Amino acid sequence: MTTTASTNKTVEIAGTRYEMLGTMNDGDCKVRLKNPGGEVVEMTCDSFINQLNNGSARYL
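All values reported here derive from a predicted model rather than from experimental measurement.

Draft legend 1. Seen up close, the environment of Gly 55. Among the structural elements, Gly 55 can be located in the loop between helix H1 (45-54) and strand S6 (57-59). For Gly 55 and Ile 13, which are 42 residues apart along the polypeptide, the C-alpha to C-alpha distance reads 9.0 Å.

Draft legend 2. Spotlight on the state of the cysteines. Counted under the stated rule, the structure contains one disulfide. Paired through a disulfide, Cys 29 and Cys 45 show a sulfur-sulfur distance of 2.0 Å. Handedness here is read from the sign of the S-S torsion; for Cys 29 and Cys 45, about -60°, the answer is left-handed. On the criterion of sequence distance, the pair formed by Cys 29 in strand S4 (residues 29-34) and Cys 45 in helix H1 is long-range, its members being 16 residues apart.

Draft legend 3. How the structure looks around the pairing of strand S5 (residues 40-44). Here S4 pairs with S5 via five bridges, running antiparallel. Paired with Arg 32 across the bridge in S5 is Glu 42. The antiparallel hairpin formed by S4 and S5 contains five residues in its connecting segment, where Gly 38 sits at a positive phi of about 90°.

What counts and what doesn't
Residues numbered from 1 in each chain as written. Predicted model: local features only at pLDDT ≥ 70, side-chain atom pairs only at ≥ 80, totals over all residues. Heavy atoms only, no water. Helix = DSSP H or I, 4+ residues; strand = E, 2+ residues; numbered from the N terminus. Disulfide = S-S within 2.5 Å. Pairing = 2+ DSSP bridges.

Following this line, the structure appears as structure tokens:
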């Protein structure tokens, strides 16, 4: 498994702000995000990119 260094960027997805922790590749590319409650959430890179492209996610 490969993990990138922390980027400390903030993203907003569907009205919720997340701290972007980085990406990891364990066979599937995943984006790691931390929500305001401190819970770490993972989503596929494809899903994250699609949300950026359709406007439901954005970098702040």
